[in-house]
Amino acid sequence: MQYQRSKTGILIERAIELLIRLCGISAILFVFGIFFFVFREGAPFLSKLNFAEFFGSANWNPNSQNHPQYGVLALIVGTFSVTGLAMLIAVPFGLGAAVFVSEFCTGRTKETLKITIELLAAIPSVVWGFIGIGVLSPIMIKYFHATVGVNLLNGAILLALMSVPIMVSIGEDALKAVPDSFREAAIALGATRWQMVWRVLVPAAKNGLLAAVLLGVGRAVGETMAVLMATGQSIRIPHAFTDPVATLTATIAAELGESNRGGDHYQVLFLIGILLFTITFIVNLAADLIVKGVRRK
Amino acid sequence: MSAHTDITPQATFAETPFTRKKRTQELIAKCFFGGMAALMVIPLIYIIVHVVAQGWQSLSWDFLTTNPRLGGAKGGIWSVIVGTLYIVTFSLCVSAPIGVLAAVYLNEYAKESWFTRIVNLAVVNLAGVPSIVHGLFGLGAFVYAAGMGKSILAASLTLAIMTLPVIIASTKEALAAVPRQFREACWNVGATRWQTIRRIVLPNSISGILTGVILQVSRAAGETAPVMITGVAVFKAVEGTGLFLYDPFREQCMALSMHLYFIATQASNVAPSLPFAIATVMIVLVLAVNATAIAFRSWLRSRKKW
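Residues numbered from 1 in each chain as written. Chains lettered and ligands numbered in written order. Predicted model: local features only at pLDDT ≥ 70, side-chain atom pairs only at ≥ 80, totals over all residues.

Visitor: Just to check I follow, could you spell out the overall build of chain B for this structure?
Guide: Summing up its helical and strand segments, chain B has 13 helices and two strands in all. The C-alpha atoms of chain B give a radius of gyration of 26 Å, which is well past the 19 Å a tight globule of 306 residues would have. Referenced to the eigenvectors of the C-alpha coordinate spread, the extents of chain B come out at roughly 95 × 60 × 35 Å. Buried positions account for 46% of the 306 residues belonging to chain B. Put simply, of all contacts in chain B between residues at least 6 apart along the chain, 76% involve residues at least 24 apart. (Helix = DSSP H or I, 4+ residues; strand = E, 2+ residues; numbered from the N terminus. Rg over C-alpha atoms; globule rule 2.2 N^0.38 Å. Buried ≥ 20, exposed ≤ 12 C-beta atoms within 10 Å, placed from the backbone. Contact = placed C-beta atoms within 7 Å.)

Visitor: So what exactly am I meant to see when it comes to the overall build of chain A here?
Guide: A tally of regular secondary structure across chain A gives twelve helices and two strands. The helix and strand sequence of chain A, counted from the amino end, reads α-α-β-β-α-α-α-α-α-α-α-α-α-α. Relative to its length of 297 residues, chain A is extended, with a C-alpha radius of gyration of 24 Å against a globular reference of 19 Å. Along the first, second and third principal axes, the C-alpha set of chain A runs to 80 × 70 × 35 Å. For chain A, the residues scored as buried account for 50% of the 297 residues in total. Residue pairs at least 24 apart in sequence account for 74% of intrachain contacts in chain A once pairs closer than 6 positions are excluded.

Visitor: Mind showing me how you'd approach unusual backbone geometry here?
Guide: In the Ramachandran plot, His145(A) falls in the positive-phi region, its phi being about 55 degrees despite a non-glycine side chain. With respect to the secondary-structure elements, His145(A) resides in the loop between helix H5 (125-143) and helix H6 (152-176).

Visitor: Would you explain the domain arrangement of chain A in this entry?
Guide: Note: interface size is frequently given as the accessible area lost on complex formation between the parts. Residue and element names in this part refer to chain A. One can read the domain layout of chain A as domain 1 (7-48) and domain 2 (73-296). The C-alpha centroid of domain 2 is placed 30 Å from the C-alpha centroid of domain 1. Each partner contributes residues to the interface: domain 1 has eight residues there, and domain 2 has eight residues. Here the residues of the side of domain 1 that touches domain 2 are counted per class, giving six nonpolar, one polar and one charged. (Domains from an automatic or database assignment. Nonpolar A, V, L, I, M, F, W, Y, C, P; charged D, E, K, R; others polar.)

Visitor: Help me out: how do you make sense of the domain arrangement of chain B in this one?
Guide: All names here are of chain B. Here chain B is described as being made up of domain 1 (14-58) and domain 2 (61-302). For domain 1 and domain 2, the distance between their C-alpha centres works out to 34 Å. Contacts between the two partners involve seven residues from domain 1 and, on the opposite side, nine residues from domain 2. Residues belonging to the side of domain 1 that touches domain 2 are distributed by class as follows: three nonpolar, four polar and no charged.

Visitor: Would you take a moment to explain the interface of chain A and chain B for this structure?
Guide: Between chain A and chain B, the contact holds 69 residues from the first and 68 residues from the second. Considering each element in turn, the side of chain A that touches chain B owes the most residues, 20 residues, to helix H1 (residues 7-42) of chain A. A class-by-class count of the residues in the side of chain A that touches chain B yields 46 nonpolar, 15 polar and eight charged.

Visitor: Which parts of the structure should I look at to understand helix H8 (residues 193-204) of chain A?
Guide: Residues that lie three or four places apart on an α-helix share one face, since the helix turns once every 3.6 residues. Residues and elements named next belong to chain A. For H8, the set of buried residues is Arg193, Met196, Val197 and Leu201. Viewed along the axis of H8, the buried residues span an arc of 95 degrees, placing them on a single side of the element. With respect to the buried face of H8, the exposed residues turned more than 90 degrees away are Arg199 and Pro203. (Arc of directions from axis to C-beta.)

Visitor: Just to check I follow, could you spell out helix H8 (residues 152-176) of chain B for this structure?
Guide: Its 25 residues give H8(B) an end-to-end C-alpha distance of 35 Å, which sits within 8% of 36 Å, the value for a rise of 1.5 Å per residue. Summarising burial for H8(B): 21 of the 25 residues are buried, a large majority. (Expected span 1.5 Å × (residues − 1).)

Visitor: What is the right way to read the packing of helix H9 (residues 180-188) of chain B against helix H10 (residues 193-222) of chain B from this model?
Guide: Between two packed helices, both the angle of their axes relative to each other and the distance between the axes serve to describe the pair. All names here are of chain B. Running from amino to carboxyl end, H9 crosses H10 at an angle of 160 degrees, the nearest separation of the two axes being 10 Å. As judged from the angle between their axes, H9 and H10 are roughly antiparallel. Crossing geometry of H9 relative to H10 is assigned as right-handed. On H10, the residues that touch Phe182, Arg183, Cys186 and Trp187 of H9 are Thr196, Arg199, Ile200, Val201 and Asn204. A class-by-class count of the residues in the contact of H9 with H10 yields five nonpolar, two polar and two charged. (Axes fitted to C-alpha atoms, helices over the stretch in contact; angles between N-to-C directions. Parallel < 35°, antiparallel > 145°, perpendicular 65-115°, else oblique. Left-handed = near helix turned anticlockwise from the far one by under 90°.)

Visitor: Explain the packing of helix H6 (residues 114-128) of chain B against H8(B) here, please?
Guide: Residue and element names in this part refer to chain B. The contact between H6 and H8 brings their axes to 8 Å, and the two run at 130 degrees. Comparing their axes, H8 and H6 come out oblique. When the axes of H6 and H8 are compared, the crossing they make is left-handed. Here Val123, Leu126 and Ala127 of H6 lie close against H8, whose contacting residues are Leu164, Pro165, Val166, Ile168 and Ala169. Within the contact of H6 with H8, the residues separate by chemical class into eight nonpolar, no polar and no charged.

Visitor: Honestly, the confidence of the model for chain B in this entry has me stumped. Any pointers?
Guide: Detail in the predicted coordinates should be disregarded across regions flagged by low pLDDT. Summary statistics for chain B give a mean pLDDT of 85 and a share of 95% for residues scoring 70 or more. Both confidence scores are given for the complex: pTM 0.88, ipTM 0.90. (pLDDT = per-residue confidence, 0-100.)

Visitor: Where do I start with the environment of Met258(B) in this structure?
Guide: All names here are of chain B. Here methionine 258 is to be found in helix H12 (residues 256-265). In this structure the C-alpha to C-alpha distance between methionine 258 and alanine 103, which are 155 residues apart in sequence, comes to 31 Å. Apart from residues no more than four positions distant in its own chain, methionine 258 is found in contact with Thr224, Val227, Met228, Val232 and Val234.

Visitor: Before we go on, may I ask you to explain the environment of Leu73(A) in this structure?
Guide: Residue and element names in this part refer to chain A. One can find leucine 73 in helix H3 (residues 73-104). A C-alpha to C-alpha distance of 11 Å links leucine 73 and alanine 246, two positions 173 residues apart in sequence. Not counting chain neighbours up to four residues away, the residues in contact with leucine 73 comprise Phe55, Gly56, Ser57 and Ala58.

Visitor: For this particular structure, what's the right way to read the confidence of the model for chain A?
Guide: Per-residue pLDDT for chain A has a mean of 87; in total, 97% of the residues score no lower than 70. Of all secondary-structure elements in chain A, the lowest mean pLDDT belongs to helix H2 (residues 51-56) of chain A, at 80, while H3(A) reaches the highest, 91.

Set out below in structure tokens:
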């Protein structure tokens, strides 16, 4: 006797599989959708845009009545100075913590540390921004003699704390991917763990560690609320760590509300969005290619 | 002969200047890397304790259950909590099914090909798009192009797309943890691909999938930039203290994240402990959500069948 499935059953299954495939490709649609809709809102300004002024000038006066200026150089410098300073703090600590979690602790300590790191990642960016205002800002004025408590250093410290978790988790994965035989060989040769980490693990896992750093950079470049609240939102090129700055992300968030739809200012803000999209796209693509390269080996 | 018996294990591993030096180096290494880890944990604890200590005096049952008045400067945060609840619920109702099905596709159906690589790359990049760019997308696509206006719906959909890649990633991990033999056994008794997924793969990975979704609750509740331009109002006077305060398709709402931003930066005549109190509520929310997820995960580990 042959068992026959009902026609409707087969049809339903086909429909479900189609739905699964549709959801599967939805991520591609959304990435293109984001680019398309953000570009669509900003595109009309492209014909009026003077690229040399846009990228080369630090004059940002969108609200000027007779001569509005849209130079984003100060914003780009702001984004990269905050991100760079944050990475100076976060990279040694993040990767050091990754080494500690993966090589030096076991059992309970490891679990506790991982949970703490997850918590660090879960605290909302607006709470970090508030910590910048409420906790770090008085410290800045007291110990760093800053005239304004919300400044570059303040934002960088917050961004460092925010991007450390992703560095630790990706960095730990990279270290875990190094075969144990490498460690055993190093120990058998009489190396201390200090030597093992520097001479064996770091060279063997360098691609994965680089990807971890890049993902941290991507996170820091894209962060909005924390930098909006903690860097002072002052659009000029900073000269000291205690100068207030403005970043690309924070400027969009701060000024979108006061611009009119269809106006030049509004469209320029969307073009900045496209610029940000492109930067993070490249950073993430690079990190992904590096990680894939590790896996193929 | 007697010299030979003198060599006990202790004697073999006796302290020599070399081993002593080695042991110090081990200790230095451990302290160095441990210090780096500690320098990350200590600020976290300091910050949480500081914020909670400052906010504690403003917190009370009344604060949580009354609506804000006078632009948020007085009163409590009930309607703010409800607004966050709306946005989180709607966005997860959209992103969880799509995310889980997308992960099923990537883990169970997709073969190794350039197309699958592109899909995976899209997921990675979607996760890396800055939150404010998600907001610009929501404004262009949902608020204007789809004609939803600034509403809870538009804000929720924007957040849904933002949380989607993380749900895909965590679900994929949960699905991949189900051993391949389970599937093979099921196929061998004549089940189709979908039957295998529904009866074997999903039931065995449901706890892992749910953990991933639960963790997104705290992320969706905390996001500010994308919702502030797509549907969350700075202040909105609301009557009543029930759960059904807003019309999700037409109205804007208030949300905890936006409320904290507004109170901390722009509101005037605010008690200094008020923003600390709101921050405390958010931190407690995040801690509660994460604790649930962690408890869930350890419970899942204890009843794992393989």
